[in-house]
Amino acid sequence: MDECTLTVSGKQRKWKEGECLLFNDAFPHGVTHAGKEGDSSRCVLIVDLWHPDISLQERNSIDYIFSPVNR
């Protein structure tokens, strides 16, 4: 797993087998994998949370804008 690196806001972290990495994707981020194709796999779980300062009206507007029905 040394071949897989997550960079968030210029800070690099290595994946360790059996462990998780948690980061805020509001910051510039990227992943590099220098190993051979098929060497390993990764699973990504995305959890969206509302910022506590967003009002109910703003939430409703965001929900409307990004609703699949409105695309």
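Refer to the preceding data block for the structure.
Anyway, here's the lowdown on the structure attached to this text. What you are looking at is a predicted structure, and each value in this text was computed from that prediction instead of being measured.

Some remarks on a nonpolar patch on the surface
Part 1 of the reasoning: Residues Trp50, Ile62, Tyr64, Ile65 and Phe66 make up a contiguous nonpolar surface patch of roughly 560 Å² in combined accessible area.
Part 2 of the reasoning: Look at Ile62 and you get partly exposed, because its relative accessible area is 31%.

Details of the pairing of strand β1 (residues 4-8)
Part 1 of the reasoning: Among the five residues in β1, four count as buried, and that is most of the element.
Part 2 of the reasoning: Pairing of β1 with strand β3 (residues 29-33) involves five bridges; the strand directions are antiparallel. Bridge pairing links Thr7 to Gly30 in β3.
Part 3 of the reasoning: Bridge analysis of β1 against strand β2 (residues 11-14) gives four bridges, and the strand direction is antiparallel. When the bridges of β2 are listed, Thr5 appears paired with Lys14.
Part 4 of the reasoning: In this antiparallel pair of consecutive strands, β1 and β2, the connection spans two residues, and Ser9 shows a positive phi of 50°.

How each quantity is defined
Residues numbered from 1 in each chain as written. Predicted model: local features only at pLDDT ≥ 70, side-chain atom pairs only at ≥ 80, totals over all residues. Heavy atoms only, no water. Patch = residues over 30% accessible without salt bridge, like charges linked within 9 Å, V, L, I, M, F, W, Y side chains within 5 Å. Areas by Shrake-Rupley, 256 points an atom, 1.4 Å probe, with all protein chains shown as cover. Salt bridge = Lys/Arg side-chain N within 4 Å of Asp/Glu carboxyl O. Buried < 20%, exposed > 50% of the residue type's maximum accessible area, 1.4 Å probe, protein only. Helix = DSSP H or I, 4+ residues; strand = E, 2+ residues; numbered from the N terminus. Pairing = 2+ DSSP bridges.

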